[in-house]
Amino acid sequence: MMQPLLDRWRRGDSEAFLELVRPHLVSLRAMAAFYGPPPGSLWEADDLAQDALLEAFKAAEEFDPARGDIRSWLGGILRNRLRRAWQEASRERGRQAAEAMRAAERAEPVEDRHVDALRRCMEKLNETGRRVVRAHYGEGLPCAEIAAQVKMSLSALYVMLHRLRRGLRECVEREGLGPEGARP
Amino acid sequence: MKERAEYLLGKAAAGELEGAEAEELGRLLAGDPERAEAATRDARFGAFAGAVLDGGRRFERSLQARLRADREPAPFVEALERRMAPRRSGALLIAAAAAGLLAILGTVVLHREPPPDPVPAAPAPPPSPVVEQHAFRIHLKDAMIFSGKPDQRFGKGRVLEAGHGLGILVRWDLSDVPPGSDVRSATLLLSSRTPGPRASGFRAFEVRRPWDEATVTWNDFAEDHPWQEPGARGQDDCAHVPLGRLQPADGRRAAVRFNDEGVALVETWIRHPDRNLGILLTGEADRVLQFASRESDGHGPELVLEYVPERSER
């Protein structure tokens, strides 16, 4: 089933490439988010993940399914992109290059169990909390709009957003699934 | 103190931190390495949560646009600019536009300066005590078109996206502006759905087709009425003189300050409402920008005008 898509990708068909990588996009985006240099926004992480995927698209001839699965191969390309990003950041911000390297070397595609852990932790929130998390992270709504939806002042929503994010992170870490790369 | 830090961290998580607040947060965290590390981990975790929970549609669309951009070496805007080069060389971008923007927007401070203009700027006109400032948002139509789904209608969506193979259409009702008004400046404001919209490469163009918000697509400007060229690329679809360039504005907003031709066009719309078919915002940058549409509870595109109601001598 994979071979026809592989052939199309090698002929430059980006749709075939997308079809092959689609099951791994969450994992790769999460990897960039966990292991990229600060400030660690999703926007920056997505740029890095896309840079790596563009690189992968152009390197079709280098992917050999007999030597490993596509997820690991994509993870290797993203790891190199993250290493370069850390080098750039260390030049810009005067960070130690060695510290940057350590962070990038640990980078691996994020496994499904991390994603599952986040979903389990979300279930432990109250209804308003779940609603705020979904509206902010899921739908990308501006905070003013979310505050109006949950009938809360904007200031209170900012505080709540911070507490929700920290609570979810600590919950995921308690399950032993915290990202190692989060401590560069 | 703790609550203030939590407020600032939450605002940072939302990507809505203002400059002075960012400095304040920096000071709060500088004296507490443990809290600073926790904040860094929170930020990474937030990005992870977004990657898991947002469904990946924006990411995939953006990736698709970048893959296409990589394969299509003749960008739309560059082609337009090549065609229009002789006309553009005579255009004057007046300094009043920049001065007027700051006067109108009040708290809106541009974080980045626009690229230097090749044409020397004319001196700003003296301030007029009768200048009125208005923001037009209520009566507007907006839609997006996407080459990847050329027959899909996006007019009712809450998101507007600009990028390679993507375009944003916007039209305002200016009937409240007295005919003959002397427009001093015009600025399009867009609320980004992602923090810090980086906006180089996006420009606004006059639309020449009566597009229908409910049925416009990449292929058609209204049901069964195809654009001259898909994506409004034909000469009968869009004027080819850029009206302004998208620039980052405050926080989550981006702005197009209309140039001299853009301001003249707004005056034409006021005098001849039948010619007001709005603008197309498009660009060849390799990333997709997401903005709120009018369906997004009052955060839709806004046109801010500074004008003198009766035409006076400049």
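All values reported here derive from a predicted model rather than from experimental measurement.

S.K.: I'd like a rundown of the overall build of chain A, residues and numbers included.
M.R.: Looking only at helices and strands, one finds 10 helices and zero strands in chain A. Counting from the amino terminus, chain A carries its helices and strands in the arrangement α-α-α-α-α-α-α-α-α-α. When the 184 residues of chain A are sorted by exposure, 55% land in the buried category. Of all intrachain contacts in chain A linking residues separated by at least 6 positions in sequence, the fraction that spans at least 24 positions is 63%.

S.K.: How would you summarise helix α2 (residues 14-21) of chain A if you had to cite specific residues and measurements?
M.R.: All names here are of chain A. In terms of residue burial, α2 counts as a mostly covered element, since six of its eight residues are buried. Those residues of α2 that fall on the buried side of the exposure criterion are Ser 14, Ala 16, Phe 17, Leu 18, Leu 20 and Val 21. Its side-chain oxygen at 2.9 Å from the backbone nitrogen of Glu 15, Asp 13 defines the N-terminal cap of α2.

S.K.: Describe the state of the cysteines, and please don't skip the residues or the numbers.
M.R.: Residue and element names in this part refer to chain A. As enumerated under the stated definition, the model contains one disulfide over all chains in all. One disulfide in the model links Cys 121 with Cys 171; its S-S distance is 2.0 Å. Between Cys 121 and Cys 171, the S-S torsion sits near -85°, and that sign places the bridge as left-handed. Of this pair, Cys 121 sits in helix α7 (residues 112-123) while Cys 171 sits in helix α10 (residues 154-174), and the two are 50 residues apart along the sequence. Across the pair, exposure class does not vary: Cys 121 and Cys 171 are buried alike.

S.K.: Quick rundown of the interface of chain B and chain A? Include the residues and the values.
M.R.: Contacts between chain B and chain A engage 51 residues on the former and 64 residues on the latter. Around 5,500 Å² of area is buried between chain B and chain A when both sides are counted, 59% of it from carbon and sulfur atoms. At the boundary of chain B and chain A, one finds seven salt bridges. Between Arg166(A) and Asp42(B) there is a salt bridge, with the nearest N and O atoms lying 2.5 Å from each other. The interface formed by chain B and chain A holds 12 residue pairs in polar contact (both at pLDDT 80 or more) in total. Secondary-structure elements contributing two or more residues to the side of chain B that touches chain A are α1 (2-13), α3 (33-53) and α4 (57-71) of chain B. The element best represented in the side of chain B that touches chain A is α3(B), accounting for 16 residues. Along the lines of polarity and charge, the residues of the side of chain B that touches chain A split into 20 nonpolar, 10 polar and 21 charged.

S.K.: So what about the packing of helix α1 (residues 2-10) of chain A against α2(A)? Which residues, and what values?
M.R.: All names here are of chain A. At a minimum axis separation of 7 Å, α1 and α2 run at an interaxial angle of 135°. Taken as axis vectors, α1 and α2 run oblique relative to one another. Where α1 crosses over α2, the two elements pack in a sense that is left-handed. Mapping the contact onto sequence places Met 2, Leu 5, Leu 6, Arg 8 and Trp 9 in α1 and Glu 15, Ala 16, Phe 17, Glu 19 and Leu 20 in α2. Looking at side-chain class alone, the contact of α1 with α2 contains seven nonpolar, no polar and three charged residues.

S.K.: Go over the confidence of the model for chain A with me, naming the residues and quoting the values.
M.R.: For chain A, the mean per-residue pLDDT works out to 85, and 88% of the residues sit at or above 70. Counted against residues more than four places away or in other chains, residues 180-184 of chain A, with its pLDDT under 50, gives 17 contacts.

About the thresholds
- Residues numbered from 1 in each chain as written.
- Chains lettered and ligands numbered in written order.
- Predicted model: local features only at pLDDT ≥ 70, side-chain atom pairs only at ≥ 80, totals over all residues.
- Heavy atoms only, no water.
- Helix = DSSP H or I, 4+ residues; strand = E, 2+ residues; numbered from the N terminus.
- Buried < 20%, exposed > 50% of the residue type's maximum accessible area, 1.4 Å probe, protein only.
- Contact = heavy atoms within 4.5 Å.
- Polar contact = N/O pair within 3.5 Å; in protein donor to acceptor, adjacent residues only side chain to side chain.
- Disulfide = S-S within 2.5 Å.
- Buried area = accessible area lost by both parts, 1.4 Å probe.
- Salt bridge = Lys/Arg side-chain N within 4 Å of Asp/Glu carboxyl O.
- Nonpolar A, V, L, I, M, F, W, Y, C, P; charged D, E, K, R; others polar.
- Axes fitted to C-alpha atoms, helices over the stretch in contact; angles between N-to-C directions.
- Parallel < 35°, antiparallel > 145°, perpendicular 65-115°, else oblique.
- Left-handed = near helix turned anticlockwise from the far one by under 90°.
- pLDDT = per-residue confidence, 0-100.

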